[in-house]
Amino acid sequence: MTSSTPESSSGSSSGSTQGSAADSTTTGVDIVLENIVKKYPGQKSPAVTDLSLTIPAGEMVMFVGPSGCGKTTSLKMINRLIEPTSGTITIGGKDITRSNPTELRRQIGYVIQGGGLLPHMTVKQNIGIVPGLLGWDKKKIAARTDELLDLVGLDPDVYRDRYPRELSGGQQQRVGVARGLAADPPVILMDEPFGAVDPITRTRLQDELMSIQSELRKTIVIVTHDIDEAVKLGDRILVLDVGAEIAQYDTPDAILSAPANDYVADFVGAGSKLKQLTLLRVDDAELEQPETCHVGDDVAEVIARVSAAGKDSVLILDARERPREFLWLRTLRKWSKVPDFDPENSPIVDHRATLNDAMDQMLESSHAAVIVTNRGRFTGLVTFDAVTELLRSSTQAAHEAAGSSAAADGTVIGTPTASTGEVTGDE
Ligand code: ADP
Ligand code: MG
């Protein structure tokens, strides 16, 4: 029998942003699997051999493992899209085999790759499906839809009446996440939710999810084949072998620094010491405060103020404090009122993004700094220098702790030549 109950990580946790999820704000509930077996008809060996597992309330737990090892099967048994052959599953102490499967699914958010939106329904209708089934009145559903669109970073006025075909892949995925959250379920299951979107969008969606989770503290189970995603998002990672046998169930820190066996070590990859860098967050770095102005401001006044502060560039924010564009003053001179810009090409990361994400954005955009947001609102700039400084101090610490020579010194990350600490504006 494979059995695992997460233990509180003992001492080895560097994780300023990991762990200790279950606190007073937790809205999730425990999920407990006991001796779960799933044998599909005609299958020689079961897809799930004997799985026992506790997923603590308010945590984000990542299921990883090779294709066909039983991740999806295990996940779908939690909302009874698949019925176990034997064993029990309780959610918040209640045996789910005794509840009506349809009722059960209304209490569990479910997000799949691509969003799984119904093509003939608008964004608003897609998000409102479960609340509608639960009998919410129209006004409440409309208010909830707008709130959720905001939460996942889509402007309600622009997107609520669109059809899925009028959205990009990343936007559809955002709506899929909003739909999963719609009825405020204590449990959310996600099967490779960000597998179908490009890397930059994936990073943004991951960041949004972390921000949402830091506020809502639901119990979230995510299947992924991406170990970096698991390390970034997970409070705990469940590494599975064939037959959904547990290879290790632990914090990202512990799995990277002390893999239970060769299988886990191979799975997380040879560079696991370096991957610990993905445990460092933008939050851990020193943020700089640039001069800012707002869309619609008088350009002459902005230039006078920013020049007086000894700066030659300014960050433009919209009325909701969301970053739009970083500009040289000499470029801004072209206008009399500060214009609006599409922020799509600006390097922006959430405050909980990893340093690797921030560096990726710098390399991608050839800027030596990245704009940091919290729930979409501007909070500061993280510069290349601040990142390298933090990497230096923490890899040194990790190096000393591990007593190994595998520490990274700029080699993993790449080294942009410009490190002026200034964001270069639109020339
Ligand atoms: P994963 O999500 O880890 O890739 P799955 O849970 O989808 O794995 O599949 C586990 C095993 O069960 C695989 O061998 C797969 O072929 C098999 N399997 C999955 N779904 C079915 C099904 N509906 N009928 C028969 N076998 C299935
Ligand atoms: Mg799968």
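Criteria and thresholds
Residues numbered from 1 in each chain as written. Chains lettered and ligands numbered in written order. Predicted model: local features only at pLDDT ≥ 70, side-chain atom pairs only at ≥ 80, totals over all residues. Heavy atoms only, no water. Pairing = 2+ DSSP bridges. Helix = DSSP H or I, 4+ residues; strand = E, 2+ residues; numbered from the N terminus. Axes fitted to C-alpha atoms, helices over the stretch in contact; angles between N-to-C directions. Polar contact = N/O pair within 3.5 Å; in protein donor to acceptor, adjacent residues only side chain to side chain. Salt bridge = Lys/Arg side-chain N within 4 Å of Asp/Glu carboxyl O. Buried < 20%, exposed > 50% of the residue type's maximum accessible area, 1.4 Å probe, protein only.

Chemist: Outline the sheet that holds strand β13 (residues 313-317), listing residues and values.
Modeler: Strand order in this open sheet of 3 strands is β12-β13-β14, and the pairing throughout is mixed. With one partner strand each, in any of the chains shown, β12 (292-294) and β14 (323-328) form the two edges of the open sheet. Strand-to-strand, the axes of this sheet are offset by a mean angle of 30 degrees, without reference to chain direction. When β13 meets β14, the two strands line up antiparallel, connected through 5 bridges. What sits directly across from serine 313, in β14, is tryptophan 328.

Chemist: Requested: an account of the side chain of serine 52, with residues and values cited.
Modeler: One can find serine 52 in strand β3 (residues 48-55). At a separation of 2.8 Å, a polar atom in the side chain of serine 52 contacts the main-chain amide nitrogen of asparagine 35.

Chemist: Please give an account of the pattern of salt bridges that cites residues and values.
Modeler: The full count for this structure, using the stated rule, is 17 salt bridges. Here aspartate 146 makes a salt bridge to arginine 160, at a shortest N to O gap of 2.9 Å. Taken as a pair, aspartate 146 in helix α5 (residues 138-151) and arginine 160 in the loop between α6 (156-159) and α7 (169-181) lie far apart in primary sequence, 14 residues in all. Among the residues examined, arginine 160 registers a relative accessible area of 19% and is labelled buried. Among the salt bridges present, the one from aspartate 340 reaches arginine 324, with a minimum N-O distance of 2.8 Å. Highlighted residues: aspartate 340 in the loop between α14 (329-332) and β15 (348-350) and arginine 324 in strand β14, separated in sequence by 16 residues. For aspartate 340, a relative accessible area of 46% corresponds to the partly exposed category. For arginine 324, a relative accessible area of 15% translates into the label buried. Linked by salt bridges that have partners in common, Asp318, Arg322, Arg324 and Asp340 make up one network.

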